[in-house]
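Overview (structure and organization)
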Amino acid sequence: MKKKYIIGNWKSNKDLEETKYWFDTLKTRSLQNNIINWDNIEVVVCPPIIFLPLVKKLRDDCDLPLKIGAQNISPFKNGPYTGEVSDSMIAEFASYVIIGHSERRTNFSEDDSMLSEKVKRANEVKLNSIYCIQDENTFIPEDVEIVAYEPVWAIGTGKTDTPDNADRVAQAVKKRWGGKSLIYGGSVDPDNIKSFIQTNNIDGVLPGGSSLDPNKFWEMIVNAAKI
Ligand code: PGA
């Protein structure tokens, strides 16, 4: 069976203490319930880039099979690009990277050509790219590992796409793109996670708001691992 992805996107949230609390709580919950079948799931946490080293240490200390992702990557290699964090820097701490989130397209004017460069940088250092698309016609660069379908109106609103429509989009995108995994994002929570990952074509989820609460994140892991 193909593993289901649960990829938590913290966006620009949390401080040091909250980050430590998140891992402590997840560890406590896992000790109370250690019957999770981790073979069914691939769980990734994407903190703000400045917390990547801390999150790697906390992940190693808590001994849970979590993977780490960045939320962004520079389109350039190392060099005179003030403020940017390059591919090789991210690859020291993470194995995934989110590219093309609608919040970056809207607030930072990231376009298809810049996003294609970011995918190239990720591939050069073997980071798995999680490429966000807003609808079934959004351009997808070559060699993307995972595509995340996230309708803008469903992000942070508490309104989700229907599992049937998300599944239809997933099928259409996979046909066009011929790619590997397609996940759904937009107001995913512990109550609705199953309805998305039980569909034929959706291979996981990308929760934002509900990934911030370690108890909710743990419940999503439990519910997804049961499928
Ligand atoms: P949300 O965010 O779960 O808070 O809707 C999802 C995302 O933007 O990736």
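Heads up: the structure comes first, above all this text.
The following paragraphs examine the structure supplied in this document.

1. So, the environment of Pro 48
Relative to the elements of secondary structure, Pro 48 occurs in the loop between β2 (41–46) and α2 (52–62). Along the chain, Pro 48 and Gly 158 lie 110 residues apart, while their C-alpha atoms are 23 Å from each other.

2. What to know about the pairing of strand β1 (residues 4–9)
Burial of β1 is extensive: six of the six residues sit out of reach of the surface. Neither face of β1 is exposed, since Lys 4, Ile 6 and Gly 8 on one face and Tyr 5, Ile 7 and Asn 9 on the opposite face are all buried. As paired elements, β1 and β2 share six bridges and run parallel to each other. Within the sheet, the bridge partner assigned to Ile 7 lies in β2 and is Val 44. Judged from the two bridges that link them, β1 and strand β8 (residues 204–205) form a sheet pairing that is parallel. Bridge assignment links Tyr 5 to a residue of β8, and that residue is Gly 204.

3. What to know about the site of the ligand
Close contacts around the ligand come from 13 residues, with Lys 11, His 101, Glu 150, Gly 156 and Gly 208 the closest. In the complex, 96% of the free accessible area of the ligand, which totals 280 Å², lies under the protein chains. Grouping the constituent residues of the shell around the ligand by class yields four nonpolar, seven polar and two charged.

Conventions we followed
Residues numbered from 1 in each chain as written. Predicted model: local features only at pLDDT ≥ 70, side-chain atom pairs only at ≥ 80, totals over all residues. Heavy atoms only, no water. Helix = DSSP H or I, 4+ residues; strand = E, 2+ residues; numbered from the N terminus. Buried < 20%, exposed > 50% of the residue type's maximum accessible area, 1.4 Å probe, protein only. Pairing = 2+ DSSP bridges. Near = heavy atom within 4 Å. Areas by Shrake-Rupley, 256 points an atom, 1.4 Å probe, with all protein chains shown as cover. Nonpolar A, V, L, I, M, F, W, Y, C, P; charged D, E, K, R; others polar.

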